[in-house]
Amino acid sequence: RISWVDLLFWLNKNLSQHNSKSYKAQKQKSHQLLVTKALQYFPEDRDILIIAIKDCQRRKVYKKATIIAGKLLKIDPINPFARTMLISSHLAQGRKNVLQKQYHLAEQQLNSALKIDPKSAQCCFFKAVLALAQQTKQQPITEIKAILKQAFELQDNPLLSKVILSTELQIMGLMNQSAT
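Draft legend 1. Representation of the nonpolar core in the model. Residues Leu39, Ile68, Leu91, Val98, Phe126 and Leu130 are the most contacted members of the largest nonpolar core, which totals 41 residues. Of all the secondary-structure elements, those providing two or more residues to this core are helix H2 (21-41), helix H3 (46-59), helix H4 (62-75), helix H5 (80-99), helix H6 (103-116), helix H7 (121-134), helix H8 (141-154) and helix H9 (158-171). Not counting residues within four places of it along the chain, the set of residues in contact with Val98 comprises Tyr103, Ala106, Phe126, Leu130, Ala133 and Met172.

Draft legend 2. Structural view of a nonpolar patch on the surface. A grouping of Leu159, Leu160 and Val163 is seen on the molecular surface, where their side chains present a nonpolar patch of about 270 Å² in accessible area. Within the element layout of this structure, Leu159 appears in helix H9. Residue Leu159 is classed as exposed on the basis of its relative accessible area, which comes to 59%.

Draft legend 3. The packing of H5 against H7, seen in detail. Contact geometry for H5 and H7: axes closest at 11 Å, N-to-C directions at 10°. Our classification of the angle between H5 and H7 gives roughly parallel. Of the residues in H7, those touching H5 at Ile87, Leu91, Gly94, Arg95 and Val98 are Gln122, Cys123, Phe126, Leu130 and Ala133. Among the residues making up the contact of H5 with H7, the classes are represented as seven nonpolar, two polar and one charged.

Draft legend 4. Fine view of the pattern of salt bridges. Considering all chains together, one arrives at three salt bridges under this definition. Asp55 is paired through a salt bridge with Arg58; the nearest N and O atoms lie 2.4 Å apart. Of this pair, Asp55 and Arg58 both sit in helix H3, separated by three residues, roughly a single helical turn. The exposure class assigned to Arg58 is partly exposed, which follows from its relative accessible area of 32%.

Cut-off values and rules
- Residues numbered from 1 in each chain as written.
- Predicted model: local features only at pLDDT ≥ 70, side-chain atom pairs only at ≥ 80, totals over all residues.
- Heavy atoms only, no water.
- Core = buried A, V, L, I, M, F, W, Y, C linked by side-chain atoms within 4.5 Å.
- Buried < 20%, exposed > 50% of the residue type's maximum accessible area, 1.4 Å probe, protein only.
- Helix = DSSP H or I, 4+ residues; strand = E, 2+ residues; numbered from the N terminus.
- Contact = heavy atoms within 4.5 Å.
- Patch = residues over 30% accessible without salt bridge, like charges linked within 9 Å, V, L, I, M, F, W, Y side chains within 5 Å.
- Areas by Shrake-Rupley, 256 points an atom, 1.4 Å probe, with all protein chains shown as cover.
- Salt bridge = Lys/Arg side-chain N within 4 Å of Asp/Glu carboxyl O.
- Axes fitted to C-alpha atoms, helices over the stretch in contact; angles between N-to-C directions.
- Parallel < 35°, antiparallel > 145°, perpendicular 65-115°, else oblique.
- Nonpolar A, V, L, I, M, F, W, Y, C, P; charged D, E, K, R; others polar.

Don't take any of this as a statement about function, it's just geometry.
Printed below as a string of structure tokens:
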């Protein structure tokens with residue numbers, strides 16, 4: 001077990017040190033294979049599950065990351081990393097859905113994230129930006145402002161709140177729309 005974890009940590013560390021695209025691609029493929037094998041042999045090992053979550057996040061395979069994070073939470077229900085990654089993966093998948101204009105799927109991802117942490121400022125910002133992206137008559141701008149106000153209250157730092165909001169708007173391609 002220790003050799004698997006050590007090998008995976010070593011590969012993680014060395015993936016970022018080389019600039020060659022072919023070398024990186026080869027190492028990432030090797031890393032992915034090792035992670036898959038490690039999960040087969042040690043499906044309930046916390047360290048390997050954490051590495052697998054990080055690997056899925058890095059490859060932008062958010063659905064798989066949510067499954068593995070959920071599995072880690074079943075093993076270790078108070079693991080803060082697993083909770084954070086589960087919320088993050090749901091929201092990242094939701095962002096993908098917004099970019100594809102699949103708003104109902106983005107709402108499902110948001111609701112899943114809110115079940116984990118109903119008072120998450122990150123979820124509130126996502127909810128506001130999702131409402132802005134949809135911008136239907138069902139959700140007037142006053143409701144969006146109320147959601148944003150709640151998000152700013154949940155996040156103690158006003159500067160960080162503005163950074164989170166502008167990042168969400170940029171990711172979803174709404175930065176120019178919101179400025180007008």
